[in-house]
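Structure assessment
For reference, the chains in residue letters:
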Amino acid sequence: MNYLKKSGFLKHIFKSVPLIILFIAVLNEFDANYFGIPFLSINLAFILIFFWTLKNIEQFGYGYIFLAGIINDVVTGSPLGLSSFLYMLICVATAYFRKITLRPNITKDWLFFLITISCVNSVYYIISSYFFDVSIDYRFLLTNNLATFLIFFLFYIIFNAYYKKFFRKSDVWWKWQCS
């Protein structure tokens, strides 16, 4: 394991894993039904974007997030740019939350995530229904928000452990001091 920490190439690969997971999630679908239960789906892309833009935006850049939204629109057949707009709304919310938070903890992040995805999903369904004449299934909207909100806690713990392992605080401090 010492070799992995010293190797720059492997360190870069391990730091790119969340970004790779994001592109796999958007290639999968907008709201993936991973469990096969009707009306129960989670939005893994929202979880990834929220967590990684909140913790480490340097590795998870806005350009990659915008590109992931364009790819998601192509895969799902949504109007081009809609998912990118929604992903950027999540980035704006996390940037605001990062600025106002003095002592981050999982409870605050979790509750702010609920507010963020509720607003973003509402914007998605409003734009879809008014401009593109798509019918809205409110049961799907509610279960998607609830399932994504509940599963965020598990992903937060996993991603936080990964963040502590591969994104050391000393690296972030050093970048801040040099800029």
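Everything in this summary refers to the structure shown in the same document. Just so we're clear, the structure is a prediction, and the values are computed from it rather than from any experiment. (Residues numbered from 1 in each chain as written. Predicted model: local features only at pLDDT ≥ 70, side-chain atom pairs only at ≥ 80, totals over all residues. Heavy atoms only, no water.)

**A word on the packing of helix H5 (residues 82-100) against helix H6 (residues 106-132)**
- At a closest axis distance of 10 Å, the pairing of H5 and H6 adopts a crossing angle of 150°. By the criterion of interaxial angle, the relationship of H5 to H6 is roughly antiparallel. Seen along the crossing, H5 lies across H6 with a hand that is right-handed. The residues of H6 that touch H5, namely those facing Leu82, Phe85, Leu86, Leu89, Ile90, Ala93, Tyr96 and Phe97, are Lys108, Asp109, Phe112, Thr116, Val120, Val123, Tyr124, Ile127 and Ser128.
- Partitioning the contact of H5 with H6 into residue classes produces 13 nonpolar, two polar and two charged. (Axes fitted to C-alpha atoms, helices over the stretch in contact; angles between N-to-C directions. Helix = DSSP H or I, 4+ residues; strand = E, 2+ residues; numbered from the N terminus. Parallel < 35°, antiparallel > 145°, perpendicular 65-115°, else oblique. Left-handed = near helix turned anticlockwise from the far one by under 90°. Contact = heavy atoms within 4.5 Å. Nonpolar A, V, L, I, M, F, W, Y, C, P; charged D, E, K, R; others polar.)

**Quick notes on helix H2 (residues 8-28)**
- Under the 1.5 Å per step criterion, the end-to-end length of H2 is 30 Å for 21 residues, consistent within 8% with the ideal 30 Å.
- For H2, the principal kink sits at valine 17 and spans about 40°; a proline, proline 18, occurs within the next four residues.
- Within the span of H2, buried status applies to Lys15, Ser16, Pro18, Leu19, Leu22, Phe23, Ala25 and Val26. (Expected span 1.5 Å × (residues − 1). Bend = angle between axes of the 7 residues up to and from the residue. Buried < 20%, exposed > 50% of the residue type's maximum accessible area, 1.4 Å probe, protein only.)

**Details of a nonpolar patch on the surface**
- A cluster of nonpolar side chains, Ile126, Tyr130, Phe131, Phe132 and Val134, forms an exposed patch at the surface whose accessible area comes to about 600 Å².
- Relative to the helices and strands, phenylalanine 131 resides in helix H6.
- The exposed category is assigned to phenylalanine 131, whose relative accessible area is 65%. (Patch = residues over 30% accessible without salt bridge, like charges linked within 9 Å, V, L, I, M, F, W, Y side chains within 5 Å. Areas by Shrake-Rupley, 256 points an atom, 1.4 Å probe, with all protein chains shown as cover. Salt bridge = Lys/Arg side-chain N within 4 Å of Asp/Glu carboxyl O.)

Such coordinate-based values are descriptive only and should not be taken to indicate function.
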